[in-house]
Amino acid sequence: MRVPFSVLAGRRVLVTGHTGFKGGWLCHWLRKLGAEVVGVSLPAPSEPSFFAATDLGNTIDSRLADIRDAAALDSVLKGDDFEVIFHMAAQSLVRESYATPVDTFATNVMGTAHVLESARKMKSLQAVIVVTSDKCYDNKEWDWGYRENDPMGGADPYSASKGCTELLAASYRASFFHDPKGAALATVRAGNVFGGGDWARDRLIPDIIRAVVGGHATEVRNPSSVRPWQHVLEPLSGYLSLAACLVEQGHAYGEGWNFGPDTNGVSDVRHLANLFQSNWGAGGPQFLFGAGDSALHEAKVLRLDSTKAATRLQWRPRLSLDEAVAWTVDWYKAYFAGKDLIDLTDTQISHYAAIQNA
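Now for a description of the structure that goes with this document. Predicted model only: the values in this text are computed from it and were never measured.

1. Concerning the sheet that holds strand β7 (residues 192-194)
On the basis of which strands lie adjacent, the open sheet formed by three strands has the order β7-β9-β11 and mixed pairing. This sheet does not close on itself; its edge strands, each paired only once, are β7 and β11 (266-268). Along the sheet, successive strands turn relative to each other by an average axial angle of 45°, direction set aside. With three bridges joining them, strand β9 (residues 226-231) and β11 adopt antiparallel strand pairing. From the neighbouring strand, R227 faces β11, where its bridge partner is S267. With respect to the sheet, helix α8 (residues 233-249) is in contact with β7 and β9, its orientation differing from that of β9 by roughly 70°.

What follows is the structure, encoded as structure tokens:
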């Protein structure tokens, strides 16, 4: 069932992780929909950042707290009541999880528990969406996509933490969010998301942008690795569709959901790099392709099956991989040209929404 995003207009919405790349884009979209948005997060994780570039701190109610600290989280929430929660705050990097495994589990697992404990106190709450990752699945390097009923797992600390987060959310759903008259809880998993404004470390597109600025080639560790690539607005549209259904239809939608790209978006790293090169044109990125990095475990093949979202939410990806890259290149070029990033971000959201509703 497709419920219009307009049901979120005027609703009080909490977004954790709003200073991050993906959370920032979601906050701008919610703001355009007319929601009353409050963000809770650590300070922006990079400099520059999407949060600063789009002046998000001055367009929503932005609050700073570490979700690993339950008392600090309760303090900044001030006992406020919300109707919808998008929990996106996380340690989101595979390679960083090897350097800081305990912090990764503390943020992604216990941090989620703290957010859900706060959610339990909110009398007006109708919907909670916990954002995990496609890497939550026990990856067997299959050629076919993982479905929502496949087992959780993860060899590296980041992936394992996301599998744990899914189990934690399922436990809270069964234990505390099962009342048909109360809030419904869902989890969502997306692919490798990119778009304008991401400057995270050890992530391909930010690495490409930094290399262009620095005038050197991007070193690509594993060019043959296959990933489900998608523009940030693709999964966010799924999250918003699900939130609208949770608000309108309740617990029938309180479960796990995949929002991955179609087969067009599943490609190896080399192909994505070449698309960036061709879309950028003169003065664009150059690459040094490696033979693979065996020092740390990282999945070589990963795909999602989003049939359930297509069938029950009428959700599907709208942008080809080439279009997604073109939109991303346009955003970064506008940033370096000193253009209005708030206007461009809103324009890209509006353009996507028009395509979605066509």
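2. With respect to helix α11 (residues 321-336)
The end-to-end C-alpha distance of α11 is 23 Å, a good match for the 22 Å that 16 residues give at a rise of 1.5 Å each. The complete set of buried residues in α11 reads L321, A324, V325, W327, T328, V329, W331, Y332 and A334. Count one or two residues on from α11 and you reach G338, which has phi positive near 75°.

3. A short note on the environment of G214
On the secondary structure map, G214 appears in helix α7 (residues 204-214). Taking the C-alpha atoms as reference, G214 lies 38 Å from D69; in sequence the two are 145 residues apart.

4. Some points on the nonpolar core
Of all hydrophobic cores here, the largest spans 75 residues; its most connected members are L30, F86 and L242. With ten residues, the single largest contributor to this core is α8. Not counting chain neighbours up to four residues away, the residues in contact with L30 comprise L8, V13, V15, A35, V37, F86 and L240.

5. Re the sheet that holds strand β6 (residues 184-190)
Pairing between the strands of a sheet comes from backbone hydrogen bonds, and it takes one of two forms, parallel or antiparallel. Here seven strands make up an open sheet; going across it, the order is β3-β2-β1-β4-β5-β6-β10 and the pairing parallel. Of all the strands in the sheet, the pair left with one neighbour each is β3 (61-64) and β10 (256-259). Averaged over all adjacent pairs, the angle separating strand axes in this sheet is 20°, with direction ignored. Across four bridges, the pairing between strand β1 (residues 12-16) and strand β4 (residues 84-87) is parallel. By the bridge assignment for β4, V15 is matched with F86. Where helix α6 (residues 157-175) meets the sheet, its contacts fall on β5 (127-131), β6 and β10, and the angle it forms with β6 comes to roughly 160°.

Cut-offs used in this document
- Throughout this document, residue positions are counted from 1 along each chain, in the order its sequence is written.
- Thresholds applied to this predicted model are a pLDDT of at least 70 for local features of residues and 80 or more for the giving and counting of side-chain atom pairs; totals over whole chains, interfaces and linings are not thresholded and use all residues.
- The side-chain values count all of the structure's non-hydrogen atoms but skip hydrogen atoms and water molecules.
- Whether two strands pair depends on DSSP finding at least two bridges between them.
- Helix and strand assignments follow DSSP, with helices taken as H or I runs no shorter than four residues and strands as E runs no shorter than two, numbered in order from the N terminus.
- Between N-to-C directions, angles cover 0 to 180 degrees, with each direction set by a line fitted to C-alpha atoms, over the stretch in contact for helices.
- The contact rule is simple, with two residues in contact once any of their heavy atoms fall within 4.5 Å.
- Expected helix span is taken as 1.5 Å per residue step, with the number of steps being one fewer than the number of residues.
- Only protein chains enter the accessibility calculation, which uses a 1.4 Å probe. A residue is then buried if its area is under 20% of the maximum for its type, exposed if over 50%, and partly exposed in between.
- We call a set of buried Ala, Val, Leu, Ile, Met, Phe, Trp, Tyr and Cys residues a nonpolar core when their side-chain atoms join them within 4.5 Å.

All quantities given are derived from atomic positions and should not be read as evidence of function.
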